[in-house]
Amino acid sequence: MFKIDDNRKKRSNNIPQLSENESRNPKKSTVFRKTVGKIAFPIEKNASLWYVITSYCANLSIILNPESYTMGFACGFVGLPNVGKSTLFNALTNGGAAAANFPFCTIAPNTGIVAVPDERLGVLAKIEKSARIVPTSLKFIDIAGLVQGASKGEGLGNQFLGHIRNVDAVAHVVRLFADGDVVHVGGSIDPARDLELIMTELMLADLEFLQRRFDKCKKLIRTGDPEIKAEYELSQSCIADLEDGRIPSWDKSDPEANRVMTSLQLLSTMPAFVCANVDEAGFRSFGQDDASKALLEYAGKHGMEVVPVCAKFEEELAALEPDDAKAFLEDIGATESGLQRVIRTGYKLLDYCTFFTTGKDETRAWTIVNGTPAPEAAGKIHTDMLHGFIRMEVVSYDELVAHGGWNAAKTAGKLRTEGKDYIVKDGDCVYVLFNK
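Quick caveat: nothing in here was measured; it's all calculated off a predicted structure. (Residues numbered from 1 in each chain as written. Predicted model: local features only at pLDDT ≥ 70, side-chain atom pairs only at ≥ 80, totals over all residues. Heavy atoms only, no water.)

Draft legend 1. View of the overall build of the chain. Each helix and strand in the chain was counted, giving 17 helices and 13 strands. The proportion of buried residues among the 436 residues of the chain is 51%. Considering only contacts within the chain whose residues lie at least 6 apart along the sequence, 68% involve residues at least 24 apart. (Helix = DSSP H or I, 4+ residues; strand = E, 2+ residues; numbered from the N terminus. Buried < 20%, exposed > 50% of the residue type's maximum accessible area, 1.4 Å probe, protein only. Contact = heavy atoms within 4.5 Å.)

Draft legend 2. Focus on the packing of helix 11 (residues 311-318) against helix 12 (residues 322-331). One way to put it is that helix 11 packs onto helix 12 with a least axis distance of 9 Å and a crossing angle of 155°. Between helix 11 and helix 12, the interaxial angle falls into the category roughly antiparallel. Across from Phe 313, Glu 316 and Leu 317 in helix 11, the residues of helix 12 making contact are Ala 325, Phe 328 and Leu 329. By residue class, the composition of the contact of helix 11 with helix 12 is five nonpolar, no polar and one charged. (Axes fitted to C-alpha atoms, helices over the stretch in contact; angles between N-to-C directions. Parallel < 35°, antiparallel > 145°, perpendicular 65-115°, else oblique. Nonpolar A, V, L, I, M, F, W, Y, C, P; charged D, E, K, R; others polar.)

Draft legend 3. View of the environment of Lys 380. Its place among the elements puts Lys 380 in helix 14 (residues 374-381). Not counting the four nearest positions on each side in its chain, Lys 380 is found in contact with Trp 366, Thr 367 and Ile 368.

Draft legend 4. Structural context of the packing of aromatic side chains. On inspection of all chains with the given rule, the structure shows 10 aromatic pairs. Ring centres of Phe 355 and Trp 366 lie 6.5 Å apart, and the angle between their planes is 20°; on these two criteria the pair is classed as stacked. In this pair, Phe 355 sits in strand 9 (residues 352-358) while Trp 366 sits in strand 10 (residues 363-369), placing the two residues 11 residues apart along the sequence. In terms of burial, Phe 355 and Trp 366 fall into one category: buried. The interplanar angle of 45° and the centroid separation of 6.5 Å between the aromatic rings of Phe 356 and Tyr 397 together place this pair among those described as tilted. Pair noted here: Phe 356 is in strand 9 and Tyr 397 is in helix 16 (residues 397-403), with a separation of 41 residues, a long-range link. An aromatic cluster is defined as three or more aromatic residues linked by ring pairs; in this entry it consists of Phe 73, Tyr 347 and Tyr 352. (Phe/Tyr/Trp six-rings, centres within 6.5 Å; stacked < 30°, edge-to-face > 60°.)

Draft legend 5. Just the nonpolar core, in detail. If you look at the biggest cluster of nonpolar residues, it comprises 63 residues, and the most contacted ones within it are Phe 140 and Leu 195. At six residues, the largest contribution of residues to this core is made by helix 6 (residues 191-220). Setting aside residues up to four positions removed in sequence, Phe 140 forms contacts with Cys 75, Phe 77, Phe 89, Leu 92, Thr 93, Asn 110, Thr 111, Gly 112, Val 114, Leu 339 and Val 342. Membership of the second largest hydrophobic core comes to 19 residues, among which are Phe 209, Leu 210, Cys 238 and Trp 250. (Core = buried A, V, L, I, M, F, W, Y, C linked by side-chain atoms within 4.5 Å.)

Draft legend 6. Just helix 7 (residues 226-243), in detail. Its 18 residues place the ends of helix 7 26 Å apart at the C-alpha level, agreeing with the 26 Å of an ideal helix rising 1.5 Å per residue. Along helix 7, the residues that are buried comprise Ile 228, Ala 230, Glu 231, Tyr 232, Leu 234, Ser 235, Cys 238, Ile 239, Asp 241 and Leu 242. The inward-facing, buried residues of helix 7 contact helix 6 and helix 8 (255-264). N-capping of helix 7 is provided by Asp 225, with a side-chain oxygen placed 2.8 Å from the backbone N of Glu 227. Of the residues flanking the end of helix 7, it is Gly 245, one or two places downstream, whose phi is positive at about 80°. (Expected span 1.5 Å × (residues − 1). Polar contact = N/O pair within 3.5 Å; in protein donor to acceptor, adjacent residues only side chain to side chain.)

Draft legend 7. Broad picture of helix 11. Taken residue by residue, helix 11 has Ala 311, Phe 313, Glu 314, Leu 317 and Ala 318 as its buried positions. Down the axis of helix 11, the buried side of the element spans an arc of 160°, and every buried residue falls inside it. (Arc of directions from axis to C-beta.)

Draft legend 8. Broad picture of the side chain of Thr 358. Take Thr 358: it is sitting in strand 9. According to the relative accessible area criterion, Thr 358 is buried, its value standing at 17%. One polar contact links Thr 358 to Thr 363, side chain to side chain, over a distance of 2.7 Å. The residues touching Thr 358, leaving out its near neighbours within four places in the chain, are Leu 124, Glu 128, Ser 130, Thr 363 and Leu 400.

Draft legend 9. Examining unusual backbone geometry more closely. Positive phi, normally seen in glycine, also occurs at Asn 82, with a value near 65°. Along the chain, Asn 82 turns up in the loop between strand 1 (70-78) and helix 3 (85-98). On the basis of relative accessible area, Asn 82 is assigned to the partly exposed category, the value being 42%. The phi dihedral of Lys 129 falls on the positive side, at around 55°, and the residue is not glycine. Considering the arrangement of structural elements, one finds Lys 129 in the loop between helix 4 (119-128) and strand 4 (133-134).

Draft legend 10. Layout of the pairing of strand 10. Counting buried positions along strand 10 gives six out of seven residues, so the element sits mostly inside the fold. For strand 4 and strand 10, the ladder comprises two bridges, and the chain directions are parallel. Opposite Val 134, over in strand 10, you have Arg 364 as the bridge partner. Where strand 9 and strand 10 come together, seven bridges link them in antiparallel fashion. Bridged to Phe 356 within strand 10 is Ala 365. (Pairing = 2+ DSSP bridges.)

Draft legend 11. Up close: the pattern of salt bridges. Counting across every chain of the model gives 14 salt bridges. A salt bridge links Asp 241 to Arg 246; its shortest N-O distance comes to 2.5 Å. Given a relative accessible area of 41%, Arg 246 falls into the partly exposed group. A salt bridge links Glu 256 to Arg 259, with the shortest nitrogen-to-oxygen separation between them at 2.6 Å. Separated by three residues within a single helix, Glu 256 and Arg 259 lie in helix 8, roughly one turn from each other. Of the residues examined, Arg 259 reaches a relative accessible area of 33% and is grouped as partly exposed. What emerges from the salt-bridge pattern is a single network uniting Asp 118, Arg 120 and Asp 426. (Salt bridge = Lys/Arg side-chain N within 4 Å of Asp/Glu carboxyl O.)

None of the figures reported here should be taken as evidence of function without further support.
Structure (structure tokens):
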């Protein structure tokens with residue numbers, strides 16, 4: 001049955017609406033015939049165009065509702081005032097709706113969700129004749145501008161720092177564009193200096209926080225609690241690093257050290273990359289001019305990747321059809337949009353990968369950390385699958401596509417039965433057997 005998603009009646013201006021009568025049988029509607037009929041269901045021509053179908057079919061409309069997405073990760077934009085964070089935020093989130101042909105919806109002030117582009121979804125949905133497609137997603141959070149002295153309560157102070165702790169990864173936004181109408185708080189364009197200021201404030205906030213935790217642990221160390229001892233020793237080491245102007249380091253192969261660091265939620269050790277907000281000329285010359293070279297050098301010292309993004313380019317991409325967008329990217333010397341680069345950088349930074357469930361009901365993407373065992377991956381689908389896990393049937397994406405479907409891959413002997421020790425890999429298509 002087809003119907004219109006009543007909760008999503010507001011579409012972009014270029015998507016026509018169905019009338020009350022047409023909504024009961026949109027296949028007979030003029031809108032449906034002219035748009036979907038004309039391209040004969042877009043997934044048959046181009047996997048990246050499957051989103052169009054969802055504008056008309058309620059059994060696909062789930063992907064228009066961001067609350068139905070499989071959440072990937074939350075990325076917070078952090079930076080000084082007047083560096084273009086909000087402009088960049090708007091450009092990337094709108095770009096997620098049109099440039100990459102995936103829907104976007106703002107669910108709260110300064111928070112947006114974009115579907116993660118993955119053409120494998122469209123391919124699997126076509127092969128398995130899925131009724132709907134559900135992508136994984138990225139949440140962008142536009143965090144208010146940081147000011148010098150934030151660690152001491154200046155500006156939004158603790159409220160600002162608290163917002164950073166609520167994200168999985170941080171995008172440090174620095175400005176490389178010149179605009180006489182937008183005064184830089186530092187008086188000049190110097191992205192390396194700005195990034196250093198941001199890192200200094202985060203490190204100062206961590207130092208103050210750790211000193212309080214250390215004093216508390218010092219009083220409790222006599223209890224002999226091994227967890228208190230571990231936090232005491234690691235806090236002491238981190239304080240020494242911060243006092244020397246270094247980002248705290250620890251033995252990441254030590255599970256206990258990882259547990260303590262996770263509980264501390266230090267701002268300076270959060271997964272982070274740099275988002276360089278550039279203009280058109282700056283995008284083309286990035287890495288060649290002095291300002292971007294200095295930024296790349298400073299970020300490299302702290303192990304951070306730099307992603308140049310031009311808000312104007314993202315806005316233009318959002319208005320283009322896929323073929324035109326591809327030509328536009330070639331013209332500016334890029335292979336992917338800024339949104340795609342940010343997503344790819346975030347996945348790499350967090351060591352994420354994607355597996356799929358696919359069938360007649362739906363094809364859905366799921367995000368996990370690389371190295372996740374089968375029961376935990378199954379638990380992403382439903383907690384009952386984690387607790388009652390029996391085994392997992394697995395076909396790789398490449399094998400499923402090569403043989404033309406799940407059943408054909410099974411007949412060809414490409415389906416594997418895996419147990420609790422199996423590590424789910426990127427591109428795995430799975431079916432979980434479990435006790436309810």
